[in-house]
Structure formats: C-alpha cells, structure tokens
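Next come the chains, spelled out residue by residue.
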Amino acid sequence: MSFSNLTSTINLPKILRVIPRNRNIEAWLLVFALGLFAFELCQIQLSVLQILRPDFWLYFLPFSIAVVAIHLVLRMRASEADSLILPIGVVLNSLGIAEIYRLDLHTVAVKGTELFAGKQIAWTCLAIAMAAVVVIFVPSHLFLRRYVYVSMVVGIGLLLSPMLPFIGKSINGARLWIGIAGFTFQPGELAKIALTVFFAGYLVTRRESLAIVGRKIFGIRIPRARELGPIISIWVASLLVLVLQHDLGTSLLYFGLFIVLIYVATGRSIYVVVGLTMFFSGALVASRVADYVTKRFDAWLNPFDQKHYDAIGGSYQLVQGIFGLAHGNLLGAGLGGGLPQLVPLAESDFIIASLGEELGLIGMFAILGLYLLLVARGVRIAFNHNDDFSKLLAVGLSFVIALQCFIVIGGVTRVVPLTGLTTPLLAAGGSSLIANWIIIGVLLRISDSVASGQRSIAAVN
Amino acid sequence: MQRELRRISIVIFLMFITLFVATTSIQMVQADALGQDPRNVRSVYDSYQKQRGSILVDGQPIAISKPSDDVYHYLRTYSDPMYSALTGFFSNYQGATGLESAMNSYLTGQNSAQFFEQISALFSGNPVTGASVQLTIDPAVQKVAYDALGNLTGAVVAIDPTTGNILAMVSTPGFDANKLAVHDGVQSTNNYNVLLSDKGEPLKNRAVTELFAPGSVFKIIVASAALESGKFTPDSTLPNPVKFQLPGTNTFVQNSGEGKCGGKATVSIADALRFSCNVPMAQLGIMLGQDAIRAEAEKFGFDKSIKIPLPVTPSNYPTGMDPAQTGLSAFGQFDDRVTPLQIAMVSAAIANHGVLMKPNLIQSVLSSNLAVLSQPTPSVFSNVMDSTTAGKVRDMMIGAVARGVSSNGQIPGISVAGKTGTAQNGVGAPYTLWFTGFAPANDPKVAVAVVVANGGGMGQSGRGNSLAAPIARKVMEAVLRK
C-alpha cells in the first residue's frame, strides 16, 4: 500500500484507514494488565479470607470498564498514541488498588472502619475519565501553548492554596492539603502539571535570550542578572513552600522540574550548577533553622538511634517501613502474606514499603522497572517530537514522575530524607491519581502528534 | 535539545539505579540484620505463624510447639528441666538460646535444606512447617546424670568415643524453660529476671560454655605429651622430693598429701598419675616446655571453636608463661581453663585409640514429611596420638582407678580408666572437683567428664574422688547397662 499521493488520511474511506497497530498492541497489553489485576485480587482474597468472594467484581469491574473506555477513546481520538503508557499506568494503578484492598481487609479483620479501596477505585475512575477528557478536548499538542500564563496563575494559585485560612489543612505536619466539604485535596499535585505547562511555554519563548550568557567570571560564563530573575523567583517560591508548607519534597520537585526544563531549553549547564547550589544551600539553612526539617534530617541520617526512633515525628515510621522491606527479602511474603499494616500510612505514603514487603525485591524491581519504562516512553516522545514546546512539556511531565518516584521511594529507602509526596499511581489519594492520569492523558496526546507528524511528513514525500 | 535530553535521560537512569541499589541493600544485604532488630516484631510474629519443629530425644519431644488459642497460634512447651542445657529456651521476649538458637533455621523451616519445600509453599500457600531435630542423647543416661548431680552445681558430659555422639549433657541447676516461653510479656520477663538473679546461675550452660580450672585431670594431657615426645615412657622416673621450688620464685609445689609421691627417691610417670602427684608433674611439665604441652592440648581441641552444633567455648592453655608458671600449668593450675566437654573429649580420644571423633548432638533432622534433611555421620576431629601411645595412657588411667586415688570410679567386674581432679581457685575459694574416664577400658562404650563446681558445697574439703567420681561411675554404669 502506498500513501505517496495522499496528504491526509482523514478523507479516506473506512476500509483504507491505517491499521492502528499501536492500539492493537495496547489492547493485548491491557488484557494482560487486567488479568494481572484479577489475579492479584484473587490471591489477596484467598490469602487473607481463604475464600473467593463475589465482591471481587466490585473492585474489578468499574476499573476495567474505565480502562476499556479510555482505550476506545484513544482508538477514536489518538490512534497513533504511544502503546505502552496506558498499560503501564493500568498495571501500577491496579497494583496500588490491590494492596490498598489488602490493607482494608486487615482493617476489617481488626474491626477498623477507615477503608480506602472503594474510594481509591472511585477516584481512579474519575482520574481515568479526566485523562480521557484531556485526550478528547485537547485537540493538538499546540493547544496548551495558548494557556501558558493562565497555567502560571492556576499553578501558583493551587500551590499557595493550602496556605489560605479556613480551607488550608495540615496533615502530619505538612501543610499541603485543602479541605472543602469533608473532601481533602492536595492541590500541589495538580499544580505540577500547570507549572510544567507554564515552564515549557515560558522557556520556549525565552530560550534565546536565556541562552545568551554574559561576562566570564573565573572562567565561567555567568547569565545576565535579568535572566536570573525567573530562577530566583522560582527559588524563592520553592523555599517558601519548604518553609510555609513544611515539605522538602514538594519544594524539591518544583525546583528540580524548573532546573531540568531550563537546562533542556537553553543547553546551559550553568543553570543546573547555580540552581542546585541555590537549592541545597537554602535547604541546608532550613535544616538548621527549621525544627521540622532538622527532625527529618536526623531521622534520615540515624533512624535506628533510639532517641530519634522514639521522638514524635521521628524515625519510627521510616524504621518500620525498612523492617517491612527487609521482611520481604528476595521473593516477598506474597500478597496478603506480610504484615504491612504495622507501618503507619501503609496505604499511602508507605505503600511502596507495603508492596516491597509482600512482593519482595523482585516485585520492587518490577515496580521500579515499570516507572522507568513509563518515564522512558515520555522522554522518547520528547526526543521524537519536532515541536519544541511539546518536547519541553513531554520531558517536563516525565521528569516530574521520575523525580517524584525518586523522592518518595528514595525517602522510604533512606536515599533522601522522607517527605510528604505521594507515590505516583500507587498511593491512596485522589489528587495524586487525578494529576498523574492527566499527565498520562497529556503524554498520550503529544505522542499521537509525534506519530501522525511523522506520517504526514512521509505522506508529503 | 537532543543532547540535553540525552543527558537528562542519563540523570533519570542514575536516579533509578540509586533506587535499585537502595532497595537491594535493604531487602537483601541488610535483611538478616534488620530482621534481628529487637524493635522488629515481624520475626516474632513470623516464628509463631507456623509450627516450630520439635526437639526429640529417643523419639519423644523434649521441646514441642503445641497449638494455643491466642494470636501466637503455638506455645513452646518443654518436658523436663534436665534437658535445659540442651534445648535452651525460645521466648518472645528473651530471644532464644541453646539448640533452639543453634538449630533455629531448621526448626523454623528456613534452612536452605528445605528450599524446595519453601518453593512449593509459595504456590500452595501452606507455610513450611519446621523440621524436627532428633538428638543423640540417651534419656536413661541423661536422667541418671541429672539425678546423680542432684543439688550440686556442675555438669556432666558423656560421649560415645567411637562416634563422638553425645549420650548425656547435663548442667545443674537446670531451669524450667516453660517459664520463659509463656506468651505474657510481663510474666516472661519477671521469670527471666528471677532466673538471672538466681545464685545457682541456672541459665549458664556449664557443660559447654563455662570454663573451669582443670586441676589434675590436665595431667593426662601432660603425660600424653611426655609419651609423644619420645623421651619418656610410663616407667620413666622423675625426682621425688617432698617440695619442689618453682624456678626463679620462692614458691614451693607440694603433693596433695603434703608428702612424697610413693616412698622412693624417684617416681615413675605412671605412679605420678596414679597418685596424682603435683611435684613430679610440675618437673615433667618444665622439662617438656609449654609449647609441647600446648601442642598436645590443641590436638585434643583446646583453642578451637567447636559447634556440636551448640557453640562450645574454646578451652585455653596459657601462652607466654615463664618456667614457674609452666610448672603450675602442668598440673592444671595457673590459667588453664577448660569446659567439661573438652575434658570428656580428652578421655574419648584416649578411649578411641588416639583418634578423637568430632563431638555431636544431632542424630538427624527430619522435615515434617519425614524427609531426612541432615544426618551427621561420625567424623574424625583429630588424630591425637598413635594407638600404642594411647594404650599406654589408658593403662596409666586404669591404674589410677584400680590402684590409685581415683578409686571411686571403679565399677565391679569392669575395668575403668579414669582420672580425678581437684582444682584450687585461689585463697579460701572452694575447689572445682573433677572426674574423667571411660569404660570398659578395653572396649570403651562411654567416655565421661564430671565437674562439680563450688567445692560441691564443701569449700576446700571436697575432693574429685569423693564427689565427682561417684557421679561419673553412675553415668558409665547407666550406659553399660544397655
């Protein structure tokens, strides 16, 4: 079949449409992913309840319907979108639901009432719907570029909203939540998308002037003072988050995102050097001055010290999480076979420790591998796209996922101090799910234009 | 931008590598150490999730996990305090000692020998049941040994010299391990503190972990070293003064009766051993030199880490002594320190024609489906001396029992080889009383060591022959009765 005399596929009769290979691959992978989810749920019921119960369908069906629905939306609206991103998202999200359900079963067994799995499924369906909305209503990769400054306002607004009186809420010492009518929401999760759009749009227009560097001092080319302005304001904003919202992770996430994007846009490594120096000197000062940061640092450096272990806000949770991981060993205790409930917040902040305990090192490697693959697909979009804004947006969103994994999982495994960020797609919590599924939606949308862009080039030739 | 994207990709990759390394470090490298952290309750819960294996003596459990109705599912139960030196205890709150600790991986089903069971358990969901451990202990001999020690503080070790199998191992006072196995934390801790503060120190395993001054039983090693040197025979004579001044000191060594050793101007090595005389042995030791004695002692197992599989405290013959100290060490004083097991090994080696078999408590380890996971076969620990030399030492030990000061080891109608010891522990301190030997002397079925600590409650007036030898005789009789 030759397309050499065609400029577009849109007007072709149906029978001549390009076979959506990516979607067919995706379909098979989704069958596998949903099968895995069913297997996980069954294993948990058998392991904890010793019996399969019909409420299995309550957990399996809504999620599966949502997955099938977004797959169909992609077939119609973005048939050339990347084939791996959705299945990876589904595997991670469903694994999170399974583990949360497993923890719920324990809660029920000890007559507790705080359950999370039902809510998690509801949020997941909503989040997948939001991703579908993105795919449907964002018609092209260039669409978001129109809303760069709106994104800035929205992003900063969301970021600062927990500091507002009445609706702002502190949980576990970090002021990252807003609460309205009984629902709590972590607006910072959505802010990261808005700010990525803003950074990408802003840097695409300013990259030429930012790339021009001024005088040499000690053999290093220093950016001109006015070009440093935006960096300094982002730096100040990050430190404000750190100081006012008590969270090192969020602060590091936004600043890291900005540094990466400005580096990709300008190609100047001086921004990385200056940026990291500024951030870490700021964080170091904060660790000395602010009590809660000092505590986190102490708990990170000497968690097994009895003094820090016993301290309020000390290392108890971290140490119990590490015990859980160690208990998992190579093969894990099996889903439903471990004791993840011993760790506080096992279903949210420490879900990775829960999974590490039950799935072992093998499971941890699989989870990390999936994240890495997801991020790699995102970066691949950036590599292949010919539009600079889309490149920045794709790499920015991918890097946000990567950095968030690093900060959260690194926090649990003592690579970095523990922070209040959530594990993307796995942890219980609606805001995080919605934000990450929107990211998936945006990545799918951009990836579709990579493929169709290439195809139209091929067609022109 | 492509170059920057490549670099960012590398950074992302490095971030994930860091996470891979960190999880591997926690879940593999540090996993065991983290599992043993006392703040980690997982291993405790884990160990109660499945039935721990039993410890068996002649098919009967001396430690067994019985189903219980609480969260722990099983309660560890012990049959008799006479086995406490073997089993040790297994407690939620105080950890584990004895075989409960040494054989823990088998008892919990975590040993690598159960690898395939563990794999199949992964699929079946049924936890691996712990393996049971069958001991070489003979319950009748164990009971005789425990009863014979009675209220005395001390230990008995009886070994089959031809195999190294331990037939009895007793440490008194024993303790009731059930009191520590109780699931109530406060109760368990209180009971533990009571045992800790008990003057009899029942938690100490005197048979294998406690060190004692050997006194005259050490003379067997010196006599062996003398024969092995090729310069002496049992009939070689030594000067026989009433007192012997240690070289370079004003200290005199005397025999225990404070007289001569026999009535003559000289005394043979055989007679010195028979009458257990210090003066000739001190001279002999100085003539041999500390290195020759130490070499001999090490062939018997001194200074070596031994696991039976209970870890045995190495017995020690001092280094860097001057001739005076060497003289004292030659009759088991100065800083000589031994475990009863070590002394039993000395007798066992001589009984087995100079070949020392590795001492061992484990007859077999059986998985819950009765597959043999481990069945130690007798193995040679060391070739101490040739059989001719061993025969000469044996004959001297026969003399010591039949016609010497170790006479309470005699069994009517059976030839017994043996040696007593009465070790001093400093001015005014009670003596440590010993007997070691084997029977029948010509076809040995059992080698035994008995120690009675704290002078057997008689301060400095008890003797090895009066208190330790009768216990050893009863133990040997119990074996020969079979």
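Values in this document were obtained by computation on a predicted structure and should not be read as measured data. (Residues numbered from 1 in each chain as written. Chains lettered and ligands numbered in written order. Predicted model: local features only at pLDDT ≥ 70, side-chain atom pairs only at ≥ 80, totals over all residues.)

A tally of regular secondary structure across chain B gives 18 helices and 21 strands. Across the 482 residues in chain B, those meeting the buried criterion constitute 52%. When contacts within chain B are restricted to residue pairs at least 6 apart in sequence, long-range pairs at least 24 apart make up 69% of them. (Helix = DSSP H or I, 4+ residues; strand = E, 2+ residues; numbered from the N terminus. Buried ≥ 20, exposed ≤ 12 C-beta atoms within 10 Å, placed from the backbone. Contact = placed C-beta atoms within 7 Å.)

The next subject is the overall build of chain A. Each helix and strand counted, chain A has 15 helices and five strands in total. Evaluated residue by residue, chain A yields a buried proportion of 52% over its 461 residues. Here the contacts in chain A between residues at least 6 apart in sequence split such that 70% fall between residues at least 24 apart.

With that out of the way, let us pick up the environment of A181(B). Residues and elements named next belong to chain B. In this fold, A181 is placed in helix α9 (residues 178-181). Judged by C-beta crowding, with 22 C-beta atoms within 10 Å, A181 ranks as buried. For the pair A181 and N191, spaced 10 residues apart in sequence, the C-alpha separation works out to 9.9 Å. In this view, A181 contacts L75, R76, F89, F90 and S91; residues no more than four positions away in its chain are not counted.

Let us look at the interface of chain A and chain B. Taken residue by residue, the interface counts 41 residues in chain A and 31 residues in chain B. Looking at the side of chain A that touches chain B element by element, the count peaks at 11 residues for helix α13 (residues 351-384) of chain A. Residue composition of the side of chain A that touches chain B, by class: 28 nonpolar, 10 polar and three charged. (Nonpolar A, V, L, I, M, F, W, Y, C, P; charged D, E, K, R; others polar.)

Attention shifts here to unusual backbone geometry. Excluding glycine, a negative phi dihedral is what most residues carry, and trans is how most peptide bonds are arranged. Cis geometry marks the peptide bond from T172(B) to P173(B); its omega dihedral reads -5 degrees. Turning to its location among the elements, P173(B) is positioned in the loop between β8 (166-172) and α9. One non-glycine residue with positive phi stands out, namely Q50(A), at about 60 degrees. You can see Q50(A) is positioned in the loop between α1 (21-49) and α2 (56-77). Taking the number of C-beta atoms within 10 Å as the measure of exposure, Q50(A) has 8 and is therefore exposed. Its identity as a non-glycine residue notwithstanding, H353(B) has a phi of 60 degrees, on the positive side.

With that out of the way, let us pick up the sheet that holds strand β3 (residues 74-78) of chain B. Residue and element names in this part refer to chain B. Spatially, the six strands line up as an open sheet ordered β3-β2-β1-β6-β16-β17, and their pairing is mixed. The outermost strands of the open sheet, each flanked by one partner alone, are β3 and β17 (372-374). Ignoring which end each strand starts from, the neighbouring axes of this sheet average 30 degrees apart. (Pairing = 2+ DSSP bridges. Axes fitted to C-alpha atoms, helices over the stretch in contact; angles between N-to-C directions.)

This paragraph deals with the packing of helix α11 (residues 219-228) of chain B against helix α17 (residues 387-403) of chain B. Residue and element names in this part refer to chain B. Their axes nearest at 10 Å, the elements α11 and α17 cross at an angle of 140 degrees. By the criterion of interaxial angle, the relationship of α11 to α17 is oblique. Judged by the twist between their axes, the crossing of α11 over α17 is right-handed. The segment α11 lies against α17, with I220, A223, S224, L227 and E228 engaging T389, K392, V393, M396 and M397. Each residue belonging to the contact of α11 with α17 can be placed in one class, and the counts come to six nonpolar, two polar and two charged. (Parallel < 35°, antiparallel > 145°, perpendicular 65-115°, else oblique. Left-handed = near helix turned anticlockwise from the far one by under 90°.)

The next subject is helix α8 (residues 248-266) of chain A. All names here are of chain A. The first and last C-alpha atoms of α8 sit 27 Å apart over 19 residues, in line with the 27 Å expected at 1.5 Å per residue. The element α8 is extensively covered by neighbouring structure, given that 19 of its 19 residues are classed as buried. Just past α8, the residue G267 takes up positive phi, approximately 75 degrees. (Expected span 1.5 Å × (residues − 1).)

As a further point, take the pairing of strand β2 (residues 60-67) of chain B. All names here are of chain B. As defined by bridge partners, strand β1 (residues 55-57) adjoins β2 across three bridges and the pair is classed as antiparallel. Bridge pairing in β2 places L56 opposite P61. Adjacent in sequence and paired antiparallel, β1 and β2 are bridged by two residues, among which D58 carries a positive phi angle near 50 degrees.

Residues and elements named next belong to chain B. Reading across the sheet, the five strands line up as β8-β7-β21-β20-β19 and stay open at both edges, with antiparallel pairing between neighbours. Edge positions in the open sheet fall to β8 and β19 (417-423), since each of these has one partner strand only. Strand-to-strand, the axes of this sheet are offset by a mean angle of 5 degrees, without reference to chain direction. Across six bridges, strand β7 (residues 154-159) lies against β8 in antiparallel orientation. Its bridge partner lying in β8, G154 is registered against T172. Against the sheet, helix α16 (residues 340-351) makes contact with β7, β20 (432-439) and β21 (446-452), and its axis sits at roughly 150 degrees relative to β21, the strand it touches most. In this fold α17 packs onto β19 and β20, with an angle of close to 70 degrees to the strand it touches most, β19.

Residue and element names in this part refer to chain A. Residue position: I381 is located in helix α13. Given 29 C-beta atoms within 10 Å, I381 falls into the buried group. Between the alpha carbons of I381 and S398 there is a distance of 9.6 Å; along the sequence they are 17 residues apart. Setting aside residues no more than four positions away along its own chain, I381 makes contact with D82, A394, L443, I446, S447 and V450.

It is worth spelling out the pairing of β21(B) at this point. On a regular strand, each side chain points to the face opposite its neighbour's, so the side chains alternate between the two faces of the sheet. Residue and element names in this part refer to chain B. The buried fraction of β21 is high, at seven of seven residues. Side chains V446, V448, V450 and V452 project from β21 onto one buried face, and the interleaved A447, A449 and V451 project onto a second face that is buried too. Bridge analysis of β7 against β21 gives six bridges, and the strand direction is antiparallel. By the bridge assignment, V156 is partnered in β21 with V450. Taken together, β20 and the strand that follows it, β21, pair antiparallel across an intervening segment of six residues.

A separate point is the environment of L58(A). With respect to the helices and strands, L58(A) occurs in helix α2. Accessibility expressed as a C-beta count within 10 Å gives 14 for L58(A), which makes it partly exposed.

Turning our attention to the nonpolar core. Residue and element names in this part refer to chain A. In terms of nonpolar packing, the biggest core is built from 142 residues, with A131, L257, L261, L392 and L443 touching the most fellow members. For this core, the leading source of residues is helix α14 (residues 388-412), giving 17 residues. In this view, L443 contacts I85, G378, I381, A394 and L397; residues no more than four positions away in its chain are not counted. (Core = buried A, V, L, I, M, F, W, Y, C linked by C-beta atoms within 7 Å.)

Any segment with low pLDDT has predicted coordinates that should not be analysed in fine detail. In the predicted model, chain A carries a mean pLDDT of 85, and 89% of its residues have values of at least 70. For residues 456-461 of chain A, every residue scores under 50 in pLDDT, and the model assigns this stretch five contacts once sequence neighbours within four places are set aside. (pLDDT = per-residue confidence, 0-100.)

All names here are of chain A. Orientation of α8 relative to α14, taken along the N-to-C sense of each, is 145 degrees, at an axis distance of 9 Å. Crossing hand, α8 versus α14: right-handed. Residues G249, L252, L253, G256, L257, V260, L261, V264 and A265 of α8 form the contact with α14, whose own contacting residues are L392, V395, G396, F399, V400, L403, Q404 and I407. Across the contact of α8 with α14, the residue classes tally to 13 nonpolar, four polar and no charged.

Once that is clear, we can look at helix α3 (residues 85-109) of chain A. All names here are of chain A. For α3, spanning 25 residues, the distance from its first C-alpha to its last is 36 Å, which sits close to the expected 36 Å at 1.5 Å a residue. Among the 25 residues in α3, 20 count as buried, and that is most of the element. Positive backbone phi, at 65 degrees, marks K111, one or two positions downstream of α3.

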